[in-house]
Amino acid sequence: DIAFALGVLAVFGRGLPAAIRTFLLTLAVVDDLLAIVVIAVFYTADLRIGFLGLALVAVALFAVLVRARRTRWWLLVPVAVVAWVLVHESGVHATIAGVLLGFTVPALAMHGETESRTHRFEHALRPVSQGIALPVFAFFAAGVTFVGGGGDVLGQPVVLAIVLGLVLGKLVGVLGVTALVTRFTPLRLAPGIGVRDLLPVGLLGGIGFTVSLLIAELSFPDSTHTDAAKIAVLAASTIAAALAAVALRWDA
């Protein structure tokens, strides 16, 4: 969804300041991280401290290995898999393992290297992530059927709630919080852009089908509400993209 939002920005927002793209990237990453924290806190029913402690040990070992002078993938991958399994067994959603492991990778060049390891790893893993992992996730998470009366799910109140939350909620949240932060703290937006210029970014924030679908799977115990939530997420992402495209073209 981050790539899709950036694609809409690139196509319809040509000529706009580069700071808007930077703001969108930062917003998207922080938004996903906060959503994953919500998953860890509110969707953990049975916490096993022992497994969680072992998982943290595995993450610490991964941090040592990934910061060594030479990184060996054949050591990093097994340790990462062990950390993932241990976090899963602890009762915390296993997505948190990926976040913790990602935080341990140094974002600054070290040991005389010309580029950071985050950049090098991202470049190496992008084909697997975007070409295999994301499509497989979307295929399994977004499957909704309208056969056999499945269209009745459109009448669920959760559909309207999610559409309004993603389209209007994200817009009000992004613009409102930015306005409050820039007014009452020393923090400021980049030169040349104001809160009004972030209107398209607020709309692009409504494109959120990956983590939103994951939360929908965890939130509802019955298939009727789950299907309704999935339809709402996909519909809201489409509406948000269309509105953002219009706003970006107008601004550009």
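Here, the structure is the one placed above.
Residues numbered from 1 in each chain as written. Predicted model: local features only at pLDDT ≥ 70, side-chain atom pairs only at ≥ 80, totals over all residues. Heavy atoms only, no water.

Which residues make up the overall build of the protein, and what values do they have?
Scanning the protein for helices and strands turns up 10 helices and zero strands. Overall, the protein shows an N-to-C arrangement of helices and strands of α-α-α-α-α-α-α-α-α-α. Taken over the C-alpha atoms alone, the protein extends approximately 50 × 50 × 35 Å along its principal axes. Sequence separation of 24 or more characterises 75% of the internal contacts of the protein that already satisfy a separation of 6 or more. Within the structure as shown, the protein displays about 14400 Å² of accessible surface, and the carbon and sulfur contribution to it stands at 72%. (Helix = DSSP H or I, 4+ residues; strand = E, 2+ residues; numbered from the N terminus. Contact = heavy atoms within 4.5 Å. Areas by Shrake-Rupley, 256 points an atom, 1.4 Å probe, with all protein chains shown as cover.)

Explain unusual backbone geometry to me, and be specific about the residues and the numbers.
The phi torsion at His111 lies on the positive side, around 55°, for a residue other than glycine. With respect to the element layout, His111 can be found in the loop between α5 (95–104) and α6 (117–141). The class for His111 is partly exposed, based on a relative accessible area of 35%. (Buried < 20%, exposed > 50% of the residue type's maximum accessible area, 1.4 Å probe, protein only.)

Which residues make up the pattern of salt bridges, and what values do they have?
In total, this model carries seven salt bridges according to the counting rule given. When the shortest N-O distance is used, the salt bridge between Lys170 and Asp31 registers 3.2 Å. Taken together, the residues span a long stretch of sequence, with Lys170 in helix α7 (residues 157–184) and Asp31 in helix α2 (residues 18–42) at a distance of 139 residues. Residues Arg117 and Glu113 are paired through a salt bridge, measuring 2.9 Å at the closest nitrogen-oxygen approach. Overall, Arg117 belongs to the buried group, its relative accessible area being 0%. In the salt-bridge network here, residues are joined through shared partners; they are Glu113, Arg117 and Arg120. (Salt bridge = Lys/Arg side-chain N within 4 Å of Asp/Glu carboxyl O.)

How would you summarise the side chain of Thr226 if you had to cite specific residues and measurements?
Structurally, the position occupied by Thr226 is in helix α10 (residues 223–251). On the basis of relative accessible area, Thr226 is assigned to the buried category, the value being 8%. Each residue touching Thr226, except ones within four places of it in the same chain, is listed here: Ala216, Glu217 and Phe220.

For the side chain of Ser237, give the residues involved together with the corresponding values.
Tracing the chain through its elements places Ser237 in helix α10. By relative accessible area, Ser237 is classed as buried at 5%. Setting aside residues up to four positions removed in sequence, Ser237 forms contacts with Gly206, Ile207, Gly208 and Phe209.

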